[in-house]
Amino acid sequence: MAAMAAAMAAALRGPGRRFRWRTQALAGGVRGAARGVAAGQQNYDLLVIGGGSGGLACAKEAAQLGRKVAVVDYVEPSPQGTKWGLGGTCVNVGCIPKKLMHQAALLGGMIQDAHHYGWEVAQPIRHDWRKMAEAVQNHVKSLNWGHRVQLQDRKVKYFNIKASFINEHTVCGIAKSGKETLLSADHIVIATGGRPRYPTHIEGALEYGITSDDIFWLKESPGKTLYGPQSVIFLSIYWLYLKLRVCSISMLVVGASYVALECAGFLTGIGLDTTVMMRSIPLRGFDQQMSSLVMEHMESHGTQFLKGCIPTCIKRLPDGQLQVTWEDRTSGKKDTGIFDTVLWAIGRIPETRNLNLKEVGVNINPENQKIIVDAQDVTSVPHIYAIGDVAEGRPELTPTAIMAGKLLAQRLFGQSSDLMDYNNVPTTVFTPLEYGCVGLSEEEAVARHGQEHIELVCLKEPPQLVLGLHFLGPNAGEVTQGFALGIKCGASYAQVMRTVGIHPTCSEEVVKLRISKRSGLDPTVTGC
């Protein structure tokens, strides 16, 4: 056993004792040898691979039901070297730090408006990135610790190791030090989530770009700051000037996803000179009327957009700035700009490549590398499951992963048969003017039911069921959460219209069905 462990650890470390994960090392004779070895192998009722929202929820629920549970989690540092603790994307490089920085930007806007309400605020108003980043990072670290304490309190064993299957019931985990651990379980849940995609075909993208894995952990500001209420006017003049010469904007966000627009929104909001480069439409998969209004609001508040453009090359200049070359897809012309930071927000890749899934018969979608599951979250191997972002056909949302994890544990150990319902799941895009939605977009409603059967994202035929609700305005998440319950319960257009609004609030605009294209404090509602 000792000789086998030493050989395995050496193979996984690679030359020079540098830690390196090699799936192939486990796919051969070592895997076969480990099958028959019981000594030193730890056995559990449930083993969860992945310490994010879904995995932790599943593990804690199973432990509450009296089962012996283990969680394995390991964060591979980003190409720029960023790493973090237990809790997954949401806690460390997603929802939590994003919402905090979004709030920081909103506070900046409120301070700008404060003098209209009689508050005397010294000008210019300055934002300190380092102070904000330190507060955000300290909060995240407290959540990391909190998750570890919760696992310990529930007697869930936590392993900070990178795991890969060696047979259908056993995984081998390797710590950064090279120490090997064998774990087996009756049931294994894969909840490894995903990581940001890099456009590796673009020269310099990997070497010089960052992603959402990095932006929240930067100690220093990623770009130049333009202070004061005159910033928007200055940006417009500055942009026009630079378009006549060579573009030189300090922060470039590449992509049109919700991650791209959220990051660009709070970066602009705290005073950074920010440009978004988008290949096609904003917020693909969301209602496009609302998506366009989100982008229009951002443009009117200082975020610049390079529409229909794709980057082709990034080079680092002697002064440390980045020279980006891009192509206009319509004209075919190339242009060049100089930036302090380039942030890639072009999608995510599921963390399945190093799990050795093929060897144990777990099927994945070859196009997107996601794990194929049925309605009960079961993979092609009956006792192996997948939940959250890593599973095919699931929304990439923290709350759905949490609920799916809890329900899975209850089905396995709590004599429950309840399945996760992915219909009418509400969500919010935390752009400067927030966009909350639940149900179908107008495009989805038309595609599913036909244009002649749809009006205001409701069915025309009685009882005129509401198919989707889309709200653009302050506190959109709070507004949408309440209406989501009604839609989940089958609310009709008439029922929503008979609901009395709370005055004066943005929420009452929904039941008044006021449709406005104005931005600012006037919300926009489509659907009901």
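Our subject is the structure that appears above.
By convention here, each chain's residues receive numbers from 1 onward along its written sequence. Totals for whole chains, interfaces and linings use every residue, but because this is a predicted model, local features are given only for residues with pLDDT of at least 70 and side-chain atom pairs only at 80 or more, for both listing and counting. Excluded from the side-chain calculation are hydrogens and water; included are all heavy atoms of the structure.

With five of its five residues buried, strand E21 (residues 468-472) lies for the most part within the structure. Three exposure classes are used, based on accessible area relative to the maximum for each residue type with a 1.4 Å probe and protein chains only: buried under 20%, partly exposed in between, and exposed over 50%. To qualify as a helix, a DSSP run of H or I must reach at least 4 residues; to qualify as a strand, a run of E must reach at least 2; elements of each kind are numbered from the N terminus. By the alternation rule, side chains of E21 split into Gly468, His470 and Leu472 and Leu469 and Phe471, which are all buried. Note on pairing: DSSP must find at least two bridges between two strands before they are called paired. Two elements, strand E18 (residues 435-439) and E21, share five bridges in a ladder whose sense is antiparallel. In the sheet register, Val438 faces E21, and the bridge partner there is Leu469.

The subject of this paragraph is the pairing of strand E13 (residues 334-339). Here six bridges tie strand E12 (residues 322-328) to E13, and the two strands are oriented antiparallel to one another. Each residue of the ladder has a partner; that of Gln323, found in E13, is Ile338. Taking the residues that link successive antiparallel strands as the turn, the E12-E13 hairpin has five residues, and the phi of Gly332 there is positive, at about 80°.

Each Phe, Tyr or Trp ring (for Trp, its six-membered ring) is paired with any other whose centre lies within 6.5 Å, and the angle between the two planes then decides the class: stacked below 30 degrees, edge-to-face above 60, tilted in between. Applying the stated criterion to the full structure yields four aromatic pairs. Ring centres of Phe216 and Phe266 lie 6.0 Å apart, and the angle between their planes is 40°; on these two criteria the pair is classed as tilted. Here the residue Phe216 occupies a position in the loop between helix H9 (212-215) and helix H10 (231-243), and Phe266 occupies one in helix H11 (residues 258-269), the gap between them amounting to 50 residues. For the pair Phe216 and Phe266, a shared accessibility class is recorded, and that class is buried.

If you check helix H6 (residues 95-113), its first and last C-alpha atoms are 27 Å apart, about what 19 residues at 1.5 Å a residue would give, namely 27 Å. Of the residues making up H6, those classed as buried are Pro97, Lys98, Met101, His102, Ala104 and Ala105. Angular distribution of buried residues about the axis of H6 spans 150°; they occupy a single face of the element. Multiplying one less than the number of residues by 1.5 Å gives the expected span of a helix. Taking the helix axis as origin, the arc is that swept by the directions to the C-beta atoms.

Another point: the sheet that holds E12. Pairing in this open sheet of three strands is antiparallel, and the strands run E11-E12-E13 from one edge to the other. In this open sheet, the two strands that pair with only one neighbour each are strand E11 (309-316) and E13. With direction set aside, neighbouring strand axes in the sheet form an average angle of 25°. Note on geometry: axes are C-alpha line fits, over the in-contact stretch for helices, and angles between N-to-C directions span 0 to 180 degrees.

Strands sit in the order E10-E9-E8-E14 across an open sheet of four strands; the sheet is parallel. Because the sheet does not close on itself, it has two edges, and the strands there are strand E10 (304-307) and strand E14 (341-344). Here the average twist between neighbouring strands, direction ignored, is 20°. Sheet topology note: the strand E9 (residues 274-278)/E10 ladder contains four bridges and is parallel. Bridge assignment links Met278 to a residue of E10, and that residue is Lys307. Contact criterion: two residues are considered in contact whenever any of their non-hydrogen atoms come within 4.5 Å of each other. Along the sheet face, H11 touches strand E8 (251-254), E9, E10 and E14 and points at about 165° away from the line of E9. Sheet strands in contact with helix H12 (residues 288-300) are E9 and E10, and its direction is about 130° off that of E10.

Let us look at the environment of Gly204. Along the chain, Gly204 turns up in the loop between strand E7 (194-196) and helix H8 (205-208). Here Gly204 falls in the buried class, since its relative accessible area comes to 6%. Distance from Gly204 to Gln323, taken between C-alpha atoms, is 10.0 Å for residues 119 residues apart in sequence. If we ignore the near neighbours within four places in the chain, the residues touching Gly204 are Gly209 and Ile314.

The subject of this paragraph is the packing of helix H4 (residues 53-64) against helix H14 (residues 398-413). Taken N-terminus to C-terminus, the directions of H4 and H14 make an angle of 30°; their axes are 7 Å apart at the nearest point. Classed by the angle they form, the pair H4 and H14 counts as roughly parallel. Considering how the two elements wind past one another, H4 and H14 form a crossing that is right-handed. Residues Ser53, Gly54, Ala57, Cys58, Glu61 and Ala62 of H4 form the contact with H14, whose participating residues are Thr398, Ala401, Ile402, Gly405, Lys406, Leu408, Ala409, Gln410 and Phe413. Here the word oblique covers every angle except those under 35 degrees (roughly parallel), over 145 (roughly antiparallel) and from 65 to 115 (roughly perpendicular). By convention the crossing between two helices is left-handed if the near helix lies anticlockwise of the far one by an angle smaller than a right angle, and right-handed if it lies clockwise.

In short, the description is geometric, and any link to function would need to be established separately.
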